[in-house]
Amino acid sequence: MRIANDANCLAVSEAIDGAGAGQSLVFAVIIGTGSGAGVAINGESRIGGNGNAGEWGHNPLPWMDEDELRYRQEVPCYCGQQGCIETFVSGTGFGIDYQRLSGVHRKGAEIASLLAQQDPIAELAMSRYELRLAKSLAQVVNLIDPDVIVLGGGMSNVDRLYQTVPVLMKKWVFGGECETPVLKAQHGDSSGVRGAAWLWPLNG
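Summary of the structure given here. Computed from a predicted model, the values in this text were never measured in an experiment.

## Section: the pattern of salt bridges
By the definition in use, this model includes 13 salt bridges. We note a salt bridge from Arg132 to Asp67, for which the minimum N-O separation is 3.3 Å. Of the two residues, Arg132 sits in helix α6 (residues 120-144) while Asp67 sits in helix α2 (residues 66-74), which places them 65 residues apart along the sequence. Residue Asp97 pairs with Arg100 through a salt bridge whose shortest N-O separation is 3.0 Å. Taken together, the positions of Asp97 and Arg100, both in helix α4 (residues 91-102) and three residues apart, correspond to about one turn of that helix. Residues joined in a network through salt bridges with shared partners are Asp67, Glu68, Arg70, Glu74, Asp97, Arg100, Arg128, Arg132 and Lys135.

Put into structure tokens, the structure is as follows:
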């Protein structure tokens, strides 16, 4: 029996014939209702001895500022810890932060519509989101320096992330230099299912 979680399946799919094709180390992130990640090495899912490889979303957000420290206290993670990356960079976390800023609960699509209208609160929420995602991914570069980072899930459809986040990451990567590509999952919502299929290689 071969089992991998959705993020690891995303990583495999995108490593084999997606946005990370041809790269030996692919770090794939799901930023949807929740947030998780997977690692593919030479097209194969890295699970780890504890089965925890890629549990990026349940590490603390790095380099927290004063507001993020307050957020940590106000928005606990379902896992029982506080300050988890998931609570900040999931689509749910984005919506919560917008509500903290505006006092109004809105769905992600509504906030995106406000962004298109250059709404200042929506812009502030997105700018804060971009910085938090950049810090979280910079930590990954400092740890495993992947060849490519691939984003999937609902928030991955925000096209501006692919211009803003790589630039912001440089501040947090050791040495201040970072050219790691941050790319949108080529196979979209189907990538996880495709990756599950790839757990059985054609010659396996």
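On we go.
## Points about the pairing of strand β1 (residues 25-31)
In the case of a regular strand, side chains alternate between the two sheet surfaces. Burial runs high along β1: seven of the seven residues are buried. By the alternation rule, side chains of β1 split into Leu25, Phe27, Val29 and Ile31 and Val26, Ala28 and Ile30, which are all buried. As judged from the seven bridges shared by β1 and strand β2 (residues 35-41), these two strands associate in the antiparallel manner. The residue bridging Ala28 from the neighbouring strand is Gly38, located in β2. Where β1 folds back onto β2 in an antiparallel hairpin, the turn is made up of three residues. Two elements, β1 and strand β4 (residues 148-152), share five bridges in a ladder whose sense is parallel. Across the sheet, the residue bridging to Val26 is Val148, located in β4.

## A closer look at the side chain of Ser156
Mapped onto the elements, Ser156 comes out in the loop between β4 and α7 (161-169). Assessed through its relative accessible area of 4%, Ser156 is described here as buried. Ignoring sequence-local partners within four residues, the contact set of Ser156 consists of Ile31, Leu151, Tyr162 and Lys184.

## Regarding the packing of aromatic side chains
Using the criterion set out here, one finds four aromatic pairs in the structure. Over the face of the ring belonging to Tyr71 we find Arg132, whose NZ or CZ atom lies 5.6 Å from the ring centre.

## Side note on helix α5 (residues 108-116)
Every buried residue of α5 is accounted for by Ile111, Leu114 and Leu115. The buried residues of α5 occupy an angular sector of 105° when the element is viewed end-on, so they sit on one face. Exposed and facing more than 90 degrees away from the buried side of α5 are Ala109 and Ala116. On its buried face, α5 is in contact with α4 and α6. Directly after α5, the chain includes Gln118, whose backbone phi takes a positive value near 60°.

## Overview of the packing of α6 against α7
Viewed as axis vectors pointing N to C, α6 and α7 meet at an angle of 55°, and their least axial separation amounts to 8 Å. What the angle tells us is that α6 and α7 run oblique. The two elements α6 and α7 cross, and the hand of that crossing is right-handed. Across from Met126, Tyr129, Glu130, Leu131, Leu133, Ala134, Leu137, Ala138 and Val141 in α6, the residues of α7 making contact are Leu161, Thr164, Val165, Leu168 and Met169. Residue classes in the contact of α6 with α7 are distributed as twelve nonpolar, one polar and one charged.

## Concerning α2
Here α2 has its buried residues at Asp67, Glu68 and Tyr71. End-on, the buried residues of α2 take up no more than an arc of 95°, which puts them together on one face. Where α2 is buried, its residues touch α3 (85-89), α4 and α6. Among the residues of α2, the N-terminal cap falls to Asp65, whose side-chain oxygen and the backbone nitrogen of Asp67 are separated by 3.1 Å.

The rules behind the values
All residue numbers here refer to positions counted from 1 along the written sequence of the relevant chain. Totals for whole chains, interfaces and linings use all residues, but because this is a predicted model, local features are given only for residues with pLDDT of at least 70 and pairs of side-chain atoms are given and counted only at 80 or more. Side-chain metrics in this entry use all non-hydrogen atoms of the structure; hydrogen atoms and water are not considered. Just to be clear on terms, a salt bridge is a Lys or Arg side-chain nitrogen sitting within 4 Å of an Asp or Glu carboxyl oxygen. The secondary structure listing takes helices from DSSP runs of H or I that are at least 4 residues long and strands from runs of E that are at least 2 residues long, numbered from the N terminus. Per-residue accessibility, obtained with a 1.4 Å probe over protein chains only, is compared with the maximum for each type, and a residue is labelled buried under 20%, exposed over 50%, and partly exposed between these values. Paired strands are those between which DSSP finds at least two bridges. Two residues qualify as a contact provided that any one of their heavy atoms is within 4.5 Å of a heavy atom in the partner residue. Stacked, edge-to-face and tilted are the three classes for Phe, Tyr and Trp ring pairs, Trp counted by its six-membered ring, which pair at centre distances within 6.5 Å; planes under 30 degrees apart are stacked, over 60 edge-to-face, the rest tilted. Charge-over-ring contacts are defined here by two conditions on Lys NZ or Arg CZ: a distance within 6 Å of the ring centre and an angle within 35 degrees of the ring normal. What the arc measures is the spread of directions leading from the helix axis to the C-beta atoms. Every axis in this analysis is a line fitted to C-alpha atoms, fitted for helices over the stretch in contact. Angles between the N-to-C directions lie between 0 and 180 degrees. These descriptions rest on fixed angle ranges, namely under 35 degrees for roughly parallel, over 145 for roughly antiparallel, 65 to 115 for roughly perpendicular, and the rest for oblique. Each crossing gets its hand from how the near helix is turned against the far one by less than a right angle, where anticlockwise is left-handed and clockwise is right-handed. When residue character is reported, Ala, Val, Leu, Ile, Met, Phe, Trp, Tyr, Cys and Pro are called nonpolar, Asp, Glu, Lys and Arg charged, and the others, Gly included, polar. Here a polar contact means two N or O atoms within 3.5 Å. Within protein one must be a hydrogen donor candidate and the other an acceptor candidate, and residues neighboring in sequence count only if both atoms are side-chain atoms.

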